[in-house]
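Residue-level listing of the chains:
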Amino acid sequence: MKGQELLAGAAKAATYNVFLQLSIRMMTFVLNAVVLRYISKDMLGVVNVRLTLLYSTALFISTEAFDQTCLSKIEGKNWTQVVNLMWCSWPVSILCCGLLSFVWMFALALPDEEVVPHYGWGVVSFAVATIITILARPHFIVGQAHLFVKLRVLSVGLSELTKCLTIVFLVINFPHLGLISFSIGQIVHGIIYAAMYYLTFYWYLSDKSKPKDFVFQTPRDFLPQKPKDKEYLDGYMVSLTRSFFKQSLLKQFLTEGEKYVMTVFNVFSFGDQGFYGVIDNTGQFFKELDDSYQYFFYLIIDRRRALSRQCQDSVDLASRVLYSLLRVVMLLGMLILVFGYAYSFLALDWYGGKVLSAGTGPTLLRWYCLYVLILAVNGITECFYFAAMSQTQIDQYNRRMVLFSLAFLGASLLLTNRFESVGFILANCINMCTRIAHSVHFIHNYYKGSTYRPLLGLVPSKSLLLTLTVSLVITASSEIVFCCEAGFLYQLLHIGIGGVCFLSVIGTILLTEADLISFVREHLIYNKSDKQSKAE
């Protein structure tokens, strides 16, 4: 692909995925709001923390290393070898799900069967759903590499929507089923997701009008087979996968660390875990944001070459995109931090009533807004870091991540004993800030000696900082004055004041962020002209 075509295609895929993740978060948000009226907080805690952690851990460990290797920019990549390598993730998933299921059922504290019935069925079902989902991983990688944007959006969106509707229907009409309702929904999700990829590529490869230079020509090509004049697996890719596999174990622990501490050390009741799961859902979008742009950097950065030996257009493109992404997440994160502080109580009160807004709930959400800002920055910096570092640097980073993991574990236990649930967020903030510092140091050295300064995207303008500070003072004062009153009109007035402050911040962004707006306009104009030229 040419530079502009690459930018258009990868940016389009990333934009679609951002909206997809927002939609999924909204569906999960609504699902929690509905089921909270029909199930206990203990059951919600088991689902949102214990079982979801089983699913995410098995999926991440089984696929992350293979994904990063197969999506990396490697000269002379053979797609048959790529598919063969991706199929290795399936037996890994079976082994991983088996081990984790054993731990989840026999090594961890079990919930009360009367409060949370059918826990064993839940563990097995979430493990089986993971294995079903990974059956479509070779198709997913090929789709990602060739920018099948709509396929990813439809497969994930339709499977998530069906899961949510299935769970809501079963919970409302068959409340006695307990975790079986969530288990059925998760398995339905896995089946629909995998079926969408298989059916789409079967239809695509059966179409005679498909491009003749597409890497595969028949559905059989998605199954393991020996390539012509080559080994079954590429040696370099296997070696790279091993390095990434060590990293994926540590990265998963650092990403979901608070849930592992909750699960293993049982520091909170399942009810408290359910409440934390509701709060944590608001930040899941930013945890997955780096996936939206990760492949973009994989595609244009050659990890085996120094910056001076790479294509100048690719270097320029990567720097501009990194600067813009850092700018965007900083702006979004600061908006969430400033307005989340003054509207945490109101949001929880309207969402779940006194069950969520009473006690430490608003305080927890306020601290979580700070965590979201740090999380967003870490996602983008690590996204670039993982795409640019060499295999030697990957191995070195794996050793450092062991220290990060131990430090996070110690901080979690210490701060949780002192600050309870807020301690998890503080430990995560410390963990993410350490990782950001490491990634920023790498990016600084990567561009050292060149004219590129993408890290300036982390530095907001003085006028924007002033506007955000004034908005924070006004909205915080408004909460003290109006939200202490029980009346609905006072709450609406508080929202109106926040709306005015929010518009003033947006106006300041439009006036001061000329470079970012210019970048977006340039991309949109190119897309439009590109479509017109193709039509002619």
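In this text the structure is predicted, and so the values were computed from the model without any measurement.

Criteria and cut-off values
Residues numbered from 1 in each chain as written. Predicted model: local features only at pLDDT ≥ 70, side-chain atom pairs only at ≥ 80, totals over all residues. Heavy atoms only, no water. Patch = residues over 30% accessible without salt bridge, like charges linked within 9 Å, V, L, I, M, F, W, Y side chains within 5 Å. Areas by Shrake-Rupley, 256 points an atom, 1.4 Å probe, with all protein chains shown as cover. Salt bridge = Lys/Arg side-chain N within 4 Å of Asp/Glu carboxyl O. Helix = DSSP H or I, 4+ residues; strand = E, 2+ residues; numbered from the N terminus. Buried < 20%, exposed > 50% of the residue type's maximum accessible area, 1.4 Å probe, protein only. Contact = heavy atoms within 4.5 Å. Phe/Tyr/Trp six-rings, centres within 6.5 Å; stacked < 30°, edge-to-face > 60°. Polar contact = N/O pair within 3.5 Å; in protein donor to acceptor, adjacent residues only side chain to side chain. Core = buried A, V, L, I, M, F, W, Y, C linked by side-chain atoms within 4.5 Å. Axes fitted to C-alpha atoms, helices over the stretch in contact; angles between N-to-C directions. Parallel < 35°, antiparallel > 145°, perpendicular 65-115°, else oblique. Left-handed = near helix turned anticlockwise from the far one by under 90°. Nonpolar A, V, L, I, M, F, W, Y, C, P; charged D, E, K, R; others polar.

Participant: Account for a nonpolar patch on the surface, with residues named and values stated.
Facilitator: A cluster of nonpolar residues, Trp350, Phe488, Leu489, Leu492 and Ile495, forms a patch on the protein surface that exposes about 510 Å² of accessible area. At 4 residues, the largest contribution of residues to the nonpolar patch is made by helix H20 (residues 488-512). Position of Ile495 among the secondary structure elements: in helix H20.

Participant: Got a sec to walk through the environment of Gln68? Specific residues and values, please.
Facilitator: Here Gln68 is to be found in helix H2 (residues 41-71). Taking relative accessible area as the criterion, Gln68 reaches 1% and is therefore assigned buried. Considered as a pair, Gln68 and Thr241 are 173 residues apart in the sequence and their alpha carbons are 7.8 Å apart. Ignoring sequence-local partners within four residues, the contact set of Gln68 consists of Phe244, Gln247, Gln294, Tyr298 and Phe386.

Participant: Got a sec to walk through the environment of Ser439? Specific residues and values, please.
Facilitator: Looking at where Ser439 falls in the secondary structure, it is placed in helix H18 (residues 421-446). It is 9.1 Å that separates the C-alpha atoms of Ser439 and Phe386, two residues lying 53 residues apart in sequence. Not counting the four nearest positions on each side in its chain, Ser439 is found in contact with Thr381, Glu382 and Tyr385.

Participant: Quick one: what's the story with the pattern of salt bridges, residue by residue and with numbers?
Facilitator: It is possible for side chains of opposite charge to pair when their charged atoms get near one another. The tally for this structure, following the rule as stated, stands at 5 salt bridges. Linking Arg137 and Asp67 is a salt bridge whose minimum nitrogen-to-oxygen distance equals 2.4 Å. With Arg137 in helix H6 (residues 137-145) and Asp67 in helix H2, the pair connects residues that are 70 residues apart, well separated along the chain. Classification of Arg137 as buried rests on a relative accessible area of 11%. Using a relative accessible area of 7% as the deciding quantity, one classes Asp67 as buried.

Participant: I'd like a rundown of the packing of aromatic side chains, residues and numbers included.
Facilitator: A complete count under the given rule lists 20 aromatic pairs for this structure. Measuring from centroid to centroid gives 5.2 Å for Tyr204 and Phe214, while their planes differ by 70°, and the two rings are edge-to-face. Of this pair, Tyr204 sits in helix H8 (residues 179-206) while Phe214 is found in the loop between H8 and helix H9 (235-255), placing the two residues 10 residues apart along the sequence. Where Phe297 meets Phe384, the ring centres are 5.4 Å apart and the plane angle is 85°; that geometry is what we call edge-to-face. Taken together, the residues span a long stretch of sequence, with Phe297 in helix H13 (residues 289-300) and Phe384 in helix H16 (residues 361-388) at a distance of 87 residues. A relative accessible area of 0% means that Phe384 is categorised as buried.

Participant: Outline the side chain of Thr381, supporting the account with residue identities and numerical values.
Facilitator: Mapping Thr381 onto the fold places it in helix H16. Under the relative-accessibility criterion, Thr381 is labelled buried at 0%. Among the polar contacts listed, one links the side chain of Thr381 to the backbone oxygen of Val377, at a separation of 3.0 Å. In contact with Thr381, not counting residues within four places along its chain, are Leu326, Ile436, Ser439, Val440 and Ile443.

Participant: Please set out the nonpolar core residue by residue, giving values where relevant.
Facilitator: Ranked by size, the top nonpolar core spans 111 residues in total, and within it Phe297, Phe384 and Tyr447 carry the most contacts. In terms of residues, this core owes the most to one element, helix H14 (residues 312-352), which gives 18 residues. When neighbours within four sequence positions are excluded, Phe384 is seen to be in contact with Phe297, Ile301, Ala318, Leu322, Ile443, Tyr446 and Tyr447.

Participant: Report on the side chain of Glu382, specifying residues and quantitative values.
Facilitator: Relative to the elements of secondary structure, Glu382 occurs in helix H16. The class for Glu382 is buried, based on a relative accessible area of 3%. Within the local environment of Glu382, its side chain forms a polar contact with the side chain of Arg435, the two groups lying 2.8 Å apart. Not counting residues up to four positions away in its chain, the partners in contact with Glu382 are Lys251, Tyr397, Arg435 and Ser439.

Participant: Describe the packing of H2 against helix H4 (residues 89-106), with residues and values.
Facilitator: Following both chains from N to C, one finds H2 and H4 inclined at 150°, their axes separated by 9 Å at the closest point. Judged by the angle between their axes, H2 and H4 are roughly antiparallel. Along this stretch, H2 crosses H4, giving a crossing that reads as right-handed. On the side of H2, the interface is formed by Arg50, Leu51, Leu53, Leu54, Thr57, Ala58, Ile61, Ser62 and Phe66, while H4 contributes Ser89, Val92, Ser93, Cys96, Cys97, Leu100, Ser101 and Trp104. Each residue belonging to the contact of H2 with H4 can be placed in one class, and the counts come to 11 nonpolar, 5 polar and 1 charged.

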